[in-house]
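Next come the chains, spelled out residue by residue.
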Amino acid sequence: MFALPIPEQHAPLDLADPADRHRLVAEEFGACTPPADMTSEEFVEAAYGVIEELWRDEDNPTYQTASRLFADGLSRHDVIHRLAGSPAPTVGSSVIR
């Protein structure tokens, strides 16, 4: 639902291939204005990280947050933008143990 735009738009690509997903992320988010503390390349990588989390598992904090933001009216692109611009701390980081 959130990982990538509608699959029919990407017929020649194999969406199960991480390299093809990364290419789509770069195309979609590469021209976006990144948050002030990130370069464009860092932002694309952060968006890719969010999409990979969404791709792998629907039962994780990223998916739960994305679902809530989408229900609040944000578009799929804006949800990923927000999650990539201010990623949540993960278990094992210096913030959460």
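In this convention, every chain numbers its residues from 1, walking through the sequence in written order. Reporting in this predicted model follows two pLDDT cut-offs: at least 70 for local features of residues, and 80 or more for side-chain atom pairs to be given and counted; totals over whole chains, interfaces and linings ignore these cut-offs and use all residues. Only hydrogens and water are set aside; all other atoms, that is, all heavy atoms of the structure, feed into the side-chain values.

(A) Inspection of the overall build of the protein at higher detail. If you tally the helices and strands in the protein, you get four helices and zero strands. From first element to last, N terminus to C terminus, the protein shows the α and β order α-α-α-α. Burial analysis of the protein (97 residues in total) assigns 35% to the buried set. In the protein, 51% of the contacts between residues at least 6 apart in sequence involve partners at least 24 apart. The accessible surface values rely on the Shrake-Rupley method and a 1.4 Å probe; as for residues, cover is taken only from the protein chains in view. A total of about 6,000 Å² of accessible surface is found on the protein, and carbon and sulfur atoms cover 55% of it. Secondary structure elements are defined from DSSP: runs of H or I of at least 4 residues count as helices, runs of E of at least 2 residues count as strands, and each element is numbered from the N terminus. Note on exposure labels: buried denotes an accessible area under 20% of the residue type's maximum, exposed denotes more than 50%, and partly exposed covers the range between, all computed with a 1.4 Å probe on protein chains only. Contacts between residues were defined by any pair of non-hydrogen atoms, one from each residue, lying within 4.5 Å.

(B) A look at helix α4 (residues 76-85). Taken as a whole, α4 has its buried residues at R76, V79, I80, L83 and A84. Taken end-on, α4 shows its buried residues confined to a sector of 125°, consistent with a single buried face. Summarising the contacts, the buried residues of α4 are in contact with α1 (18-29), α2 (40-56) and α3 (61-71). Note that the arc is defined by the directions from the helix axis to the C-beta atoms.

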